[in-house]
Amino acid sequence: MATQFRFAEEKDAGKVLYFIQRFADFQKSGDSVVATEELLRTWMFQHKAAEAFFAMEGEKEIGFVLFNHGFSAHKGRPSIYLECIYVLPEYRGMGVGTELMHELSRIARERDYVRVEGCAPDWNPGSGRFYNSLGAEELNGWTLYRIQGEALSQL
């Protein structure tokens, strides 16, 4: 499938939120979404804290990637953190997810970023197989820790 891509713009905040909600539902964490169109407009598009792009079939958005930026102290260069990738169910198995990852990797190379990284839930072995098929390495010996909510307030 020769998919076209387009970056999300501020006017797409509702579409981005739609895909975030679908992704969260798929990840069995739909109740945790508190993002709103206004928050996305403020943080993604005005403060440029994250970016998103869509996979397109004609004029229809069929998948998306949302990512933000990190920095490798060891390499002295920026990186991309893949926050979420989602393909509508009726377009899965057609290579759209792989094309989304190729596009994300192209963006990283074009910007001279050092890597693309993300995480996948342990309960979904399919996501692990997907990332492994792209040459991704599991970082054995590294555990993701997150400080948020009350812990962040108290720290």
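As a reminder, the structure under discussion sits directly above these lines.
This write-up is about the structure you can find in this document. (Residues numbered from 1 in each chain as written. Predicted model: local features only at pLDDT ≥ 70, side-chain atom pairs only at ≥ 80, totals over all residues. Heavy atoms only, no water.)

## Focus: the packing of helix 1 (residues 13-26) against helix 2 (residues 37-46)
- Here helix 1 crosses helix 2 at 105°, and the two axes come no closer than 9 Å. Here helix 1 lies roughly perpendicular to helix 2, going by the angle between them. Contacts between helix 1 and helix 2 pair Ala13, Gly14, Val16, Leu17 and Ile20 from the former with Glu37, Leu40, Arg41, Met44 and Phe45 from the latter.
- Classifying every residue of the contact of helix 1 with helix 2 by side-chain character gives seven nonpolar, one polar and two charged. (Axes fitted to C-alpha atoms, helices over the stretch in contact; angles between N-to-C directions. Helix = DSSP H or I, 4+ residues; strand = E, 2+ residues; numbered from the N terminus. Parallel < 35°, antiparallel > 145°, perpendicular 65-115°, else oblique. Contact = heavy atoms within 4.5 Å. Nonpolar A, V, L, I, M, F, W, Y, C, P; charged D, E, K, R; others polar.)

## Topic: the pairing of strand 2 (residues 51-57)
- Judged by how many residues are buried, strand 2 sits mostly within the fold: six of seven residues are covered.
- As paired elements, strand 1 (residues 4-7) and strand 2 share four bridges and run antiparallel to each other. Within strand 2, the residue paired with Phe5 across the bridge is Ala55.
- Of the pairings in the sheet, the one linking strand 2 to strand 3 (residues 60-72) comprises seven bridges and is antiparallel in character. (Buried < 20%, exposed > 50% of the residue type's maximum accessible area, 1.4 Å probe, protein only. Pairing = 2+ DSSP bridges.)

## Some remarks on helix 1
- With 14 residues, helix 1 should reach 20 Å at 1.5 Å per residue; the first-to-last C-alpha distance of 20 Å fits that figure.
- Taken residue by residue, helix 1 has Ala13, Val16, Leu17, Phe19, Ile20, Phe23 and Ala24 as its buried positions. Within helix 1, the buried residues cover an arc of 165° as seen down the axis, which keeps them to one side.
- On its buried face, helix 1 sits against helix 2, strand 2, strand 3 and strand 4 (77-87). (Expected span 1.5 Å × (residues − 1). Arc of directions from axis to C-beta.)

## Topic: the side chain of Glu51
- Inspection of the secondary structure assignment puts Glu51 in strand 2.
- Engagement of the side chain of Glu51 in a polar contact is seen with the side chain of Arg111, the distance being 2.7 Å.
- With sequence-adjacent residues up to four places away left out, Glu51 is seen in contact with Phe7, Met44, Val65, Leu66, Phe67, His69 and Arg111. (Polar contact = N/O pair within 3.5 Å; in protein donor to acceptor, adjacent residues only side chain to side chain.)

## Let's talk about the environment of Cys84
- Mapped onto the elements, Cys84 comes out in strand 4.
- Overall, Cys84 belongs to the buried group, its relative accessible area being 5%.
- With 42 residues separating them in the primary sequence, Cys84 and Thr42 have C-alpha atoms 19 Å apart.

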